[in-house]
Amino acid sequence: ITIIMMRHAEKDKQDEEFGNSVDPRLSEAGKARAQKLSEVLTKYKPDAIYSSKFNRTLSTVAPYARGKRMQVQFYDHRKLKEIAQAVQAGDFQTVVVAGHNSTTPALANLLIGQEKYKALGENEYDKIFIVRIKNNKGKTSVFTEEMITY
């Protein structure tokens, strides 16, 4: 299974300034990045997409999901062990998980079994974490992991 994880795209600072700091929408730059992400994901051909229940994460994966007529499944960003188990237990080849600056690297760390990645900086939106896992006779082992910039 290949698990592709990213932080949501750039959020709209005006939303935050006008009282919507909990669930801001994407800025114009964020919408452009979401479109770019859609192009990047095309080569991986994901068969499942997960997003936390926030405008910014859903809007980040929406262009790809819409283009492929896929339904986005929601997960609780505070329960990373649950999403890690769900993506590995499902009958998927490639899964996309949209998260946040702290939860995305934390999920990658959980999947690889080590504390390798630190939380992303407040203005760091261009990282994608990719973890490939093999499951041999019930034994799970990390095959490869990488972080790319888009």
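Up top you'll find the structure we're talking about.
Residues numbered from 1 in each chain as written. Predicted model: local features only at pLDDT ≥ 70, side-chain atom pairs only at ≥ 80, totals over all residues. Heavy atoms only, no water.

**Observations concerning unusual backbone geometry**
Here comes step 1: Phi at Lys 45 is positive, roughly 50°, even though this residue is not glycine.
Here comes step 2: Along the chain, Lys 45 turns up in the loop between α2 (28-42) and β2 (48-52).
Here comes step 3: Of note in the backbone geometry, Arg 69 takes a positive phi value of approximately 55° without being a glycine.
Here comes step 4: Relative to the helices and strands, Arg 69 resides in the loop between α3 (55-68) and β3 (72-75). (Helix = DSSP H or I, 4+ residues; strand = E, 2+ residues; numbered from the N terminus.)

**Quick notes on the pattern of salt bridges**
Here comes step 1: This model, assessed by the stated rule, comprises 10 salt bridges.
Here comes step 2: With a shortest N-O distance of 3.9 Å, Asp 23 and Arg 56 are connected by a salt bridge. Highlighted residues: Asp 23 in the loop between α1 (13-17) and α2 and Arg 56 in helix α3, separated in sequence by 33 residues.
Here comes step 3: A relative accessible area of 10% places Arg 56 in the buried class.
Here comes step 4: Across the pair Glu 146 and Arg 132 runs a salt bridge whose closest N-O atoms are separated by 3.2 Å. On the criterion of sequence distance, the pair formed by Glu 146 in strand β6 (residues 139-149) and Arg 132 in strand β5 (residues 127-136) is long-range, its members being 14 residues apart.
Here comes step 5: Judged by its relative accessible area of 31%, Glu 146 falls in the partly exposed class.
Here comes step 6: When salt bridges that share partners are traced, they join Arg 7, Lys 11 and Glu 122 into one network. (Salt bridge = Lys/Arg side-chain N within 4 Å of Asp/Glu carboxyl O. Buried < 20%, exposed > 50% of the residue type's maximum accessible area, 1.4 Å probe, protein only.)

**Structural notes on the packing of helix α4 (residues 80-89) against helix α5 (residues 103-112)**
Here comes step 1: As a packed pair, α4 and α5 sit with axes 10 Å apart at the nearest point and diverge in direction by 60°. Considering the angle they form, α4 stands oblique to α5. Of the two elements, α4 crosses α5, and the hand of that crossing is right-handed. Between α4 and α5, the residues in contact are Leu 80, Lys 81, Ile 83, Ala 84 and Gln 88 and Thr 103, Ala 106, Leu 107, Leu 110 and Leu 111, respectively.
Here comes step 2: Residue classes in the contact of α4 with α5 are distributed as seven nonpolar, two polar and one charged. (Axes fitted to C-alpha atoms, helices over the stretch in contact; angles between N-to-C directions. Parallel < 35°, antiparallel > 145°, perpendicular 65-115°, else oblique. Left-handed = near helix turned anticlockwise from the far one by under 90°. Contact = heavy atoms within 4.5 Å. Nonpolar A, V, L, I, M, F, W, Y, C, P; charged D, E, K, R; others polar.)

**Details of the side chain of His 100**
Here comes step 1: Considering the arrangement of structural elements, one finds His 100 in the loop between β4 (94-99) and α5.
Here comes step 2: Ignoring sequence-local partners within four residues, the contact set of His 100 consists of Arg 7, His 8, Ser 52, Phe 54, Arg 56, Thr 57, His 77 and Pro 105.

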